[in-house]
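Breakdown of the fold
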Amino acid sequence: MSATTTPVESTGDVIDLLRAQHGRIRDLFDLVMHSDGRERKEAFQALVRLLAVHETAEEEIVHPAARRLPGGDGIVDDRLSEEREAKELLSELDGMDTDDPRFLKSLDKLRMDVLTHARAEERYEFDRLRDQFSPTQLKGFAAAVRAAEATAPTHPHPGVESASKNLLAGPMVAVVDRVRDMIRDARGKD
Ligand SMILES: [Fe+2]
Ligand SMILES: [Fe+2]
């Protein structure tokens, strides 16, 4: 297993895991920016996959809980519109050659948007989640997210060289479904 496909390790609860994923997302952006050729392609695939896992987990766990906080609707609506914009930018990047100079320019914009978004989540949502779920639930969610990340497809088009094309169209839908199902199962066990 290469550095770009190693799941985030965390022994804590889902908030620790999501925070650690923010760090890994930042590192993967750096890797994509400072590599080229095949290495850049693989790093970009790993980034797209991690973003799919991460944002799905947040949509299932973090945002619905944050809505129940005072002023939560406004906070969550802002985060969801940031996530929508990021997804649009990501699908533009998805159709580009990773060695095209325009790729880096758009990637840099996405990087700034995603990192700003992550800081807002940490500031306005993450810590307050600990009041809404039991420690057992938070650990259960972390286990579900880790298991989903470990078992969801890593290589979108096995054996196909142009694997960076259109990741979002099909393969990432499978990743999103896997994460969603495993989190819903974890919730059902409470
Ligand atoms: Fe998010
Ligand atoms: Fe996040």
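We now turn to the structure provided with this report. The structure presented is a predicted model; accordingly, all values stated were derived computationally and were not measured. Counting restarts for each chain: residues are numbered from 1 in the order of the written sequence. Ligands are numbered from 1 and chains lettered from A, in the order in which they are written. In keeping with the model being predicted, local features are shown solely for residues with a pLDDT of at least 70 and side-chain atom pairs are shown and tallied solely at 80 or more, while totals for entire chains, interfaces and linings include all residues.

Concerning helix α5 (residues 135–151)
Note the cut-off: Per the convention used, a helix needs a DSSP run of H or I reaching at least four residues, while a strand needs a run of E reaching at least two, with both numbered from the N terminus. For a helix, the expected span equals 1.5 Å multiplied by the residue count minus one. Residue pairs qualify as contacts under a 7 Å threshold applied to their C-beta atoms, which are placed from the backbone.
Taking 1.5 Å per residue, 17 residues should reach 24 Å; α5 reaches 24 Å between its end C-alpha atoms and fits that length. Contact partners of the buried residues in α5: α1 (14–33), α2 (37–67) and α6 (171–188).

Structural notes on the packing of α1 against α2
Here is the rule: Helix axes use the C-alpha atoms of the stretch in contact, all axes being lines fitted to C-alpha atoms, and the angles between their N-to-C directions lie in the range 0 to 180 degrees. Roughly parallel means an angle under 35 degrees; roughly antiparallel means over 145; roughly perpendicular covers 65 to 115; every other angle is labelled oblique. Here a crossing is taken to be left-handed if its near helix is turned anticlockwise relative to the far helix by less than a right angle, and right-handed if that turn runs clockwise. Each residue is assigned to one of three groups, with Ala, Val, Leu, Ile, Met, Phe, Trp, Tyr, Cys and Pro labelled nonpolar, Asp, Glu, Lys and Arg labelled charged, and all others, Gly among them, labelled polar.
As a packed pair, α1 and α2 sit with axes 9 Å apart at the nearest point and diverge in direction by 155 degrees. Looking at the two axes, α1 sits roughly antiparallel to α2. For α1 against α2, the interelement crossing comes out left-handed. Across the interface between the two elements, Val14, Leu18, Gln21, Arg24, Ile25, Leu28, Phe29, Leu31 and Val32 of α1 pack against Arg40, Ala43, Phe44, Ala46, Leu47, Leu50, Leu51, His54, Ala57, Glu58, Ile61 and Val62 of α2. Of the residues contributing to the contact of α1 with α2, the split by class is 16 nonpolar, 2 polar and 3 charged.

Some thoughts on the nonpolar core
Keep this limit in mind: To form a nonpolar core, buried Ala, Val, Leu, Ile, Met, Phe, Trp, Tyr and Cys residues must be joined through C-beta atoms within 7 Å. Residues with at least 20 other C-beta atoms within 10 Å of their own are called buried, those with 12 or fewer are called exposed, and the rest are partly exposed. The C-beta atoms themselves are positioned from the backbone.
Counting residues in each nonpolar core, the largest one holds 42 residues, and the members touching the most others are Leu47, Val53, Val145, Val179 and Ile183. Listed by contribution, the elements that provide at least two residues to this core are α1, α2, α3 (72–94), α4 (101–126), α5 and α6. Looking at this core, the element that brings in the most residues is α2, giving 13 residues. Discounting chain neighbours no more than four positions away, the residues touching isoleucine 183 are Ala57, Glu60, Ile61, Phe141, Ala144 and Val145.

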